[in-house]
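Each chain, letter by letter, is given below.
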Amino acid sequence: QVQLVESGGGLVQPGGSLTLSCAASGIIFSNYVMGWYRQAPGKQRELVARIFSGGTTNYADSVKGRFTISRDNAKNTVYLQMNSLKFEDTAVYYCKANWVTLEYWGQGTQVTVSS
């Protein structure tokens, strides 16, 4: 049974930082592309960042220079370090794992940026 469990969300002030974690089980983690997506109320889910099995990373333009994705294959975990948070970063953040045609999602974790 595949599980992706996100943690680390919460309430933070503008300019603050949070680190999200996504622990995976039931997959050969090192094979998978791991991604973080987010969905704000009334908006479509969008890619935030992803990291390939070899370590290559992609970021949405809106988070470049502020967010960092990383993975620890020994712990089957992917992280999203979020710095300089803005109001517009408020969303539910989801972890996704995909490999070839296989795709799995976590349940999401809420990030709220508010003063």
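Residues numbered from 1 in each chain as written. Predicted model: local features only at pLDDT ≥ 70, side-chain atom pairs only at ≥ 80, totals over all residues. Heavy atoms only, no water.

Some words on the overall build of the chain
Here comes step 1: Looking only at helices and strands, the chain features zero helices and 11 strands.
Here comes step 2: Here the C-alpha atoms of the chain give a radius of gyration of 13 Å, agreeing with the 13 Å that 2.2 N^0.38 yields for 115 residues.
Here comes step 3: By its C-alpha atoms, the chain is 40 × 25 × 25 Å across when sized along the principal axes.
Here comes step 4: Of all 115 residues assigned to the chain, the portion counted as buried reaches 39%. (Helix = DSSP H or I, 4+ residues; strand = E, 2+ residues; numbered from the N terminus. Rg over C-alpha atoms; globule rule 2.2 N^0.38 Å. Buried < 20%, exposed > 50% of the residue type's maximum accessible area, 1.4 Å probe, protein only.)

Regarding unusual backbone geometry
Glycine aside, residues mostly have negative phi, and peptide bonds are mostly found in the trans state.
Here comes step 1: Positive phi outside glycine occurs at Ser84, with the angle close to 50°.
Here comes step 2: Considering the arrangement of structural elements, one finds Ser84 in the loop between β8 (77-82) and β9 (91-99).
Here comes step 3: Even without being glycine, Val100 reaches a positive phi, approximately 55°.
Here comes step 4: Residue placement: Val100 occurs in the loop between β9 and β10 (102-105).
Here comes step 5: We classify Val100 as exposed; its relative accessible area is 67%.

So, the side chain of Thr109
Here comes step 1: Mapped onto the elements of the fold, Thr109 is located in strand β11 (residues 109-113).
Here comes step 2: Beyond its immediate sequence surroundings of up to four residues, Thr109 is in contact with Glu6, Ser7, Gly8, Gly9, Leu20, Ala91, Val92 and Tyr93. (Contact = heavy atoms within 4.5 Å.)

A look at the pairing of strand β3 (residues 18-25)
Here comes step 1: Two elements, strand β1 (residues 3-7) and β3, share five bridges in a ladder whose sense is antiparallel. Bridge pairing in β3 links Val5 to Ala23.
Here comes step 2: In this structure, β3 lies alongside β8, joined through six bridges in antiparallel fashion. Opposite Thr19, over in β8, you have Gln81 as the bridge partner. (Pairing = 2+ DSSP bridges.)

What about the environment of Thr19?
Here comes step 1: Tracing the backbone through its elements, the reader meets Thr19 in strand β3.
Here comes step 2: Residue Thr19 is classed as partly exposed on the basis of its relative accessible area of 36%.
Here comes step 3: In the structure, Thr19 is positioned 24 residues away from Lys43 in sequence and 23 Å away in space, judged by C-alpha atoms.
Here comes step 4: Beyond its immediate stretch of four places on either side in the chain, Thr19 contacts Ser7, Gly8, Leu80 and Gln81.
Here comes step 5: For Thr19, the side chain forms a polar contact with the side chain of Gln81, separated by 2.4 Å. (Polar contact = N/O pair within 3.5 Å; in protein donor to acceptor, adjacent residues only side chain to side chain.)

What about the state of the cysteines?
Here comes step 1: Evaluated as defined, the whole model comprises one disulfide.
Here comes step 2: Shown here is the disulfide that connects Cys22 with Cys95, its sulfur atoms set 2.1 Å apart. As the torsion about the S-S bond is roughly -75°, the Cys22-Cys95 disulfide counts as left-handed. Of this pair, Cys22 sits in strand β3 while Cys95 sits in strand β9, and the two are 73 residues apart along the sequence.
Here comes step 3: Given a relative accessible area of 0%, Cys22 falls into the buried group. (Disulfide = S-S within 2.5 Å.)

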